[in-house]
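# Per-entry structural report
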Amino acid sequence: MSDPRKYQFNLPKKGRPSRIGLEEEWYPEIHKYYGKCTSKRIYHPINGIRAVVIHATAGGSSVGAASVIKAGRASFHWLVPDEDEPQHGHFVWATAPEKLAAWHVRNSTSHPDVFDGHNKVNHFSLGIEVVNTQKSSDEFSDWQIQTTARIVRYCWAKYPNLKHVVSHAKLDPRRRKDPGTNFPWQDFKKLVLVGDEDPVPKLVSIATPASQIKETDFHGNCTG
Amino acid sequence: MAIAQDKKYIFINLTRGLIQTIFLIGLFSCHGNNQPGNDHPGTINFVDAKFVDCVFYAGSTQFFFQHKNGEEFMVSQSHEPDALKIINADSLIEPNPVEGPPGPNTEILGKLIRIHYDKQGKPIAFSQLE
């Protein structure tokens with residue numbers, strides 16, 4: 001079984017997508033609340049972004065997760081809805097402006113593999129929460145994984161110094177487990193690195209691969 | 001007339017005392033039963049344990065406790081709007097965290113807490129014992 005405390009990969013310099021669209025909508029009325037639990041970044045809001053942190057909510061709904069922002073206790077930039085929510089399959093919730101540091105990681109935590117062990121991770125990162133109870137019976141949906149990967153690709157295209165994609169559990173391993181053992185980290189990594197937003201045109205995908213084309217003997221007039 | 005009233009007064013007090021004694025016997029018979037949820041319906045159950053940590057997620061807060069024998073267990077408070085709220089749960093959470101999800105309330109960390117359970121074994125309240 002995979003260990004969420006080891007979930008991390010770094011984005012290569014080559015292969016950065018040029019521009020990625022994102023199906024997102026602001027969580028209803030969240031703009032009234034995120035000001036209580038976000039900060040002005042101490043790094044440049046574009047060039048200073050180095051990491052994306054993947055979380056799971058340990059809860060069953062977007063409403064429950066968004067309630068912590070309304071209470072001013074914690075925050076994150078995106079919320080990926082669960083399978084039984086009407087937004088699932090359509091869009092993700094935007095819950096805090098990217099230019100602000102959301103409060104998704106405790107200030108004291110850090111890891112030497114992430115931005116040379118700097119603390120105050122919130123200031124150089126973006127946080128994605130995926131709605132999932134983290135119970136063994138609660139699988140992540142394919143759409144949740146694809147969408148989380150798409151958010152990371154969107155960030156990769158937008159932030160030139162973005163390098164680290166890391167689990168919350170790796171940054172704070174003593175008790176945290178998110179996004180949990182059910183999160184298919186290797187599949188997610190492939191989706192981030194390869195992407196699925198530019199599918200090969202159908203006409204090309206059904207063509208016979210070059211390796212399977214038989215050589216043809218030429219008996220024409222132009223052989224020599 | 002006055003004697004009759006005195007007798008009535010004594011009877012009421014005796015009845016009250018009897019009820020209180022029965023209640024206390026019931027309560028203490030549950031004491032020491034450290035497995036919540038296995039008590040009989042109608043009884044109140046509780047566990048006394050040391051508060052050792054609190055992990056705040058977007059969807060729930062997990063409170064960690066330690067039995068006398070060192071064994072740890074976790075009590076979870078859901079953040080769903082319709083979830084049953086554990087009384088005094090907030091007092092175990094860091095009141096003013098700096099730019100991050102809150103951790104444990106350091107003033108209560110390491111203290112003995114009584115965890116109260118309902119008939120179904122669900123945690124309903126925390127109370128500080130020291």
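Remember, predicted model here, so these are calculated numbers, not experimental data. (Residues numbered from 1 in each chain as written. Chains lettered and ligands numbered in written order. Predicted model: local features only at pLDDT ≥ 70, side-chain atom pairs only at ≥ 80, totals over all residues. Heavy atoms only, no water.)

## Comments concerning the overall build of chain B
The helix and strand tally for chain B stands at one helix and five strands. Along chain B, helices and strands appear, N-terminal first, in the series α-β-β-β-β-β. Here the analysis covers contacts within chain B between residues at least 6 apart in sequence; of these, 39% occur between residues at least 24 apart. (Helix = DSSP H or I, 4+ residues; strand = E, 2+ residues; numbered from the N terminus. Contact = heavy atoms within 4.5 Å.)

## As for unusual backbone geometry
Cis geometry is adopted by the peptide bond preceding Pro179(A), which originates at Asp178(A) and carries an omega value of 15 degrees. Position of Pro179(A) relative to the elements: it lies in the loop between helix H3 (168-171) and helix H4 (185-194). Located in the positive-phi region is Asn88(B), a residue other than glycine, with phi close to 70 degrees. Tracing the sequence through the fold places Asn88(B) in the loop between strand S3 (72-78) and strand S4 (112-117).

## Thoughts on the confidence of the model for chain A
Per-residue confidence for chain A averages 91 on the pLDDT scale, and 87% of its residues sit at or above 70. Segment residues 217-224 of chain A is flagged for pLDDT under 50; beyond a separation of four residues in sequence, or across chains, it makes one contact in the model. (pLDDT = per-residue confidence, 0-100.)

## A few points about the pairing of strand S1 (residues 45-56) of chain B
Residue and element names in this part refer to chain B. Counting buried residues in S1 gives ten out of twelve residues, a clear majority hidden from the surface. For S1 and S4, the ladder comprises six bridges, and the chain directions are antiparallel. Bridge assignment links Asn 45 to a residue of S4, and that residue is Tyr 117. By the bridge criterion, six bridges tie S1 to strand S2 (residues 60-66) in an arrangement that is antiparallel. Following the sheet pairing, Phe 51 is matched in S2 by Phe 65. Between S1 and S2, which pair antiparallel in sequence order, lie three residues. (Buried < 20%, exposed > 50% of the residue type's maximum accessible area, 1.4 Å probe, protein only. Pairing = 2+ DSSP bridges.)

## As for the sheet that holds strand S6 (residues 92-94) of chain A
Residue and element names in this part refer to chain A. Taking strand neighbours across the sheet as the criterion, the seven strands line up as S1-S9-S4-S8-S5-S6-S2 in an open arrangement whose pairing is mixed. On the outer flanks of this sheet lie strand S1 (8-10) and strand S2 (24-26), each paired with one strand and no other. Averaged over neighbouring strand pairs, the angle between their axes works out to 20 degrees when direction is ignored. Here three bridges tie strand S5 (residues 78-80) to strand S8 (residues 125-130), and the two strands are oriented parallel to one another. Counted as the bridge partner of Trp 78 is Ile 128 from S8. (Axes fitted to C-alpha atoms, helices over the stretch in contact; angles between N-to-C directions.)

## Remarks on the pairing of strand S4 (residues 51-56) of chain A
Residues and elements named next belong to chain A. Most of S4 is tucked away: six of the six residues are buried. Of the two faces of S4, the one lined by Ala 51, Val 53 and His 55 and the one lined by Val 52, Ile 54 and Ala 56 are each fully buried. Bridge analysis of S4 against strand S9 (residues 164-167) gives four bridges, and the strand direction is parallel. Along S9, the bridge assignment pairs Ala 51 with His 164.

## Points about the environment of Pro173(A)
Within the secondary structure, Pro173(A) is located in the loop between H3 and H4. As a C-alpha pair, Pro173(A) and Phe9(A) span 164 residues in sequence and 16 Å in three-dimensional space.

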